Structures are given as C-alpha cells and as structure tokens.
Amino acid sequence: MGGGVFTRSRRLGLCILALSVAPFLNLSFTHAQSSPNKIVLGISTLTGSSAILAVAQKAGFFERHGLQGQIVYFSNGTIAASALLSGDVKISLMSANATLAAAVAGAEVVQIGGLTNKLDYGLMVLPSVKSIQELKGQSLGIAGFGGASDFAANYIIRKDGMIPGRDIILMAVGGQQERLTALASGKLKAVLLQPPFTKRAEKLGYRRLVDFASLDLEFQTLGYATTRSYLRAGREACLNFLKAATEATYYFKSHKNESMKILAAFLKTDDSDALEETYNLNARYLIPELPYSSVKGLQNTLELMAYRNPKARTQDPREVIDDSLVKSMEESGFIAYLRKTYGVPTR
C-alpha cells in the first residue's frame with residue numbers, strides 16, 4: 001500500500017483512496033470470474049477499524065472474490081450516507097448513526113453487516129482539565145453531526161448530567177488530523193480522537209480524560225450499509241464484498257506484521273507506539289470474528305438520537321438489519337474454511 005494516494009474525483013467532489021492490489025495465495029472459496037465486478041465502496045472515517053477495507057484490497061481479497069473495489073473516503077457518516085443513497089457508492093462502511101438517521105428519515109438503507117460494536121474514542125483535553133464538568137461553557141470537537149463521534153460526545157455529556165448544546169457546545173471540525181490541530185492550536189480545549197491519534201495527542205502532552213474502550217457500552221460504531229434496491233439487484237456482489245471483508249478480518253487478526261504495514265500506510269503514520277495501540281485494540285477487542293449487526297448497539301444509538309429526533313423512538317433497529325448474507329457465509333462453510341485457514345481469532 002506504499003503507493004496509496006488521495007486523488008480528487010470531479011464527479012463526486014470527494015477524496016478517492018487509491019490502494020494498490022497485490023496478488024495473493026490461491027485458495028478455495030475463490031470467486032471464479034475472469035473480469036472482476038467493479039464496485040465503488042465508501043468509508044466514513046480513517047481509523048484502525050476501517051483499515052479492514054485497505055487490508056481486503058492490499059492483500060487481494062476483493063479480487064479473489066470477484067470484485068474490483070474503488071474506495072472513496074468521506075469525512076463523516078452523513079456525507080457517506082448521502083453518497084450511498086444517491087447511488088454514487090454501492091456499499092459504505094459508516095457509522096450506525098448515519099445509517100439509522102437515513103432509515104428514520106424514510107430512506108431504503110439497510111445494514112448487511114457490522115464491523116465494530118464498541119467505541120474506541122478518547123476524550124482528549126488540555127492537561128489542566130481534570131473532569132468533564134470543567135468543560136462547561138466550552139466547545140468539544142467532533143467529526144460531524146450524525147456520526148459516531150456525535151453519539152460518543154452526547155453520551156458522555158449526558159452521563160455527567162449536562163445537556164449537549166447548552167452546557168457543552170459540539171463543534172463539527174472534520175477528520176482526526178483537523179481535530180488534533182484544533183486542540184494543539186488552542187482553538188479547542190477538548191476533542192474526540194481515535195487511535196492512532198489518541199497516542200499522538202498524549203505524546204504532545206494532552207490528557208485522555210475518557211477512554212471509551214473501557215466503558216461497558218455497546219454501540220454499532222461501524223457497519224456495512226447499502227440500499228435495499230442494490231441488495232436485491234446486486235446481492236451476489238454484496239455477498240462477495242462481505243466475504244472479502246471477513247477474510248480480511250481473519251488475515252488482520254492472524255498476520256500482525258503484514259497488517260501493521262498496511263495500517264501504517266493507510267493511517268499515514270510511522271509512530272510505532274500509536275500503531276501498536278491501534279492494532280491491538282482492533283485485533284483483540286473491537287473487531288469480532290463474524291460481522292453480525294448489533295441490535296443492542298443500534299438500539300442504544302436510537303435512544304440518544306431520539307433527543308434530537310423524536311421519530312427515532314418508533315424505529316425498530318431490526319428493520320434496518322439484514323444479516324442473511326452473514327448467515328449464508330456460515331451455512332456455506334465459508335467461515336469454517338476461514339477458521340481452518342487462519343485460525344480462530346482471539347478476543
């Protein structure tokens with residue numbers, strides 16, 4: 001992935017992540033197809049978790065399963081959902097907030113698999129800040145409204161007895177580098193970051209006031225979403241995508257050295273401490289063996305979403321989930337094949 005670069009798509013007006021595809025081992029369960037099916041895929045955040053798609057592409061799993069994937073990066077889940085619903089993107093790895101918000105609004109979005117059901121944010125603050133209460137009257141930097149960082153911020157503010165927007169102002173800053181820059185420049189006293197940026201912030205002297213990974217909170221941070229119309233018309237492509245992403249998960253968990261190199265290129269960092277934290281957190285804790293959606297995680301999201309949109313209270317999270325493709329991978333023996341090939345991942 002050393003040749004990966006960002007280019008600008010004039011049609012989408014968004015960054016396209018160009019990742020080289022490397023040839024890989026010939027194994028069974030390969031999709032026999034002479035001409036791979038081209039598919040545009042979206043990601044709403046650049047984190048250790050979303051790097052699974054980089055692993056799938058770099059290690060050749062998309063190609064193995066009959067796909068030629070083009071990965072498009074969006075700065076937050078709301079933009080990713082818009083591109084998905086417009087048809088510019090066929091499948092998007094994005095926050096459950098964005099998927100549910102679209103569903104509540106009546107869109108035909110559906111989550112065909114879950115990637116992570118825990119939050120990995122760190123609330124990074126100035127060294128002088130010792131409690132969330134000390135942030136009262138201040139602004140807290142998040143990626144954007146409607147995404148996972150928005151949910152995380154709302155959760156910790158309300159948990160501490162305050163009201164988001166009244167006691168602590170949420171400010172949409174953009175990507176992780178933009179948030180870290182806002183903290184380092186003194187523009188903000190607090191921002192939400194994920195690995196490897198949490199470790200970078202700590203090395204700069206900032207405090208991790210809240211470590212979300214240590215909280216007993218289930219939340220569908222990232223899930224694989226598409227539209228119901230594409231699931232019907234492109235069901236085989238959706239299944240092959242999930243096979244590629246799931247095989248990439250097993251590879252990621254069982255091939256640390258190779259995966260760390262992909263992480264370094266994907267996240268554009270050579271900070272070994274930050275990469276080690278990112279890899280261990282994702283491989284051992286955040287990313288489960290099977291990509292089933294989390295009903296409880298989606299319900300938790302809806303409950304917080306209802307503070308802003310009362311319609312969320314009537315939304316059944318099960319209506320937004322279609323796990324039939326994940327079940328198909330189990331029933332066909334594909335998961336058993338992965339376990340035999342890569343070993344059963346440990347949590």
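Coordinates for the structure precede this section.
Along each chain, residue indices are assigned from 1 in the same order as the chain's sequence is written. Two thresholds apply to this predicted model, a pLDDT of at least 70 for residue-level local features and 80 or more for giving and counting side-chain atom pairs, whereas whole-chain, interface and lining totals are computed over all residues. Excluding hydrogens and water, the side-chain values take into account all heavy atoms of the structure.

Engineer: Sorry, what's going on with the pattern of salt bridges here?
Structural biologist: A side chain with one charge may pair with a side chain of the opposite charge, provided their charged atoms come close. Throughout this description, the term salt bridge denotes a Lys or Arg side-chain nitrogen within 4 Å of a carboxyl oxygen of Asp or Glu. This structure, assessed with the given rule, holds twelve salt bridges. Where Asp 273 meets Lys 203, a salt bridge forms, and the shortest distance between an N and an O atom there is 3.2 Å. Of this pair, Asp 273 sits in helix 11 (residues 272–286) while Lys 203 sits in helix 7 (residues 197–203), and the two are 70 residues apart along the sequence. A run of H or I in DSSP counts as a helix once it spans at least four residues, and a run of E counts as a strand once it spans at least two, with each numbered from the N terminus.

Engineer: Is there a simple way to think about the sheet that holds strand 7 (residues 122–125) in this case?
Structural biologist: Strand pairing in a sheet takes place through backbone hydrogen bonds and is either antiparallel or parallel in direction. The sheet built from five strands is open, its strands ordered 9-8-10-7-11 with mixed pairing. Where the open sheet ends on each side, the last strands, each with one partner, are strand 9 (169–172) and strand 11 (207–211). Averaged over all pairs of adjacent strands, the angle between strand axes in this sheet comes to 30°, irrespective of strand direction. In terms of strand pairing, strand 8 (residues 139–142) meets strand 10 (residues 190–193) through two bridges, oriented parallel. Bridged to Gly 141 within strand 10 is Val 191. Every residue pair with non-hydrogen atoms within 4.5 Å of one another is taken to be in contact. Structural elements are reduced to axes, namely lines fitted to C-alpha atoms, with helices fitted over the stretch in contact, and the angle between N-to-C directions of any two is expressed from 0 to 180 degrees. Seen against the sheet, helix 6 (residues 176–184) touches strand 7, strand 8 and strand 10 and runs at an angle of roughly 155° to strand 10. At least two DSSP bridges between two strands are needed for those strands to be called paired.

Engineer: Would you take a moment to explain the packing of aromatic side chains for this structure?
Structural biologist: Two aromatic rings are characterised by how far apart their centres lie and by the angle between their planes. Between the rings of Phe, Tyr and Trp (Trp by its six-membered ring), a pair exists once the centres lie within 6.5 Å; its type follows the angle of the planes, with under 30 degrees stacked, over 60 edge-to-face, and the other angles tilted. Here the structure, examined in full by the defined rule, presents eight aromatic pairs. Here Phe 334 and Tyr 337 contribute two aromatic rings whose centre-to-centre distance is 6.0 Å and whose plane-to-plane angle is 40°, an arrangement assigned as tilted. Taken as a pair, Phe 334 and Tyr 337 lie in helix 14 (residues 334–342) at a separation of three residues, close to a single helical turn. Members of the aromatic cluster, joined through ring pairs, are Phe 62, Tyr 224 and Phe 241. Ring-over charges, as used throughout, are those where CZ of Arg or NZ of Lys falls within 6 Å of the ring centre and within 35 degrees of the ring normal. Positioned above the aromatic ring of Phe 197, the side-chain terminus of Arg 200 is 4.2 Å from the ring centre. Geometry around Phe 334 places Lys 243 over its ring, the cationic atom sitting 5.5 Å from the centre.

Remember that the coordinates give geometry; whether it matters functionally is a separate question.
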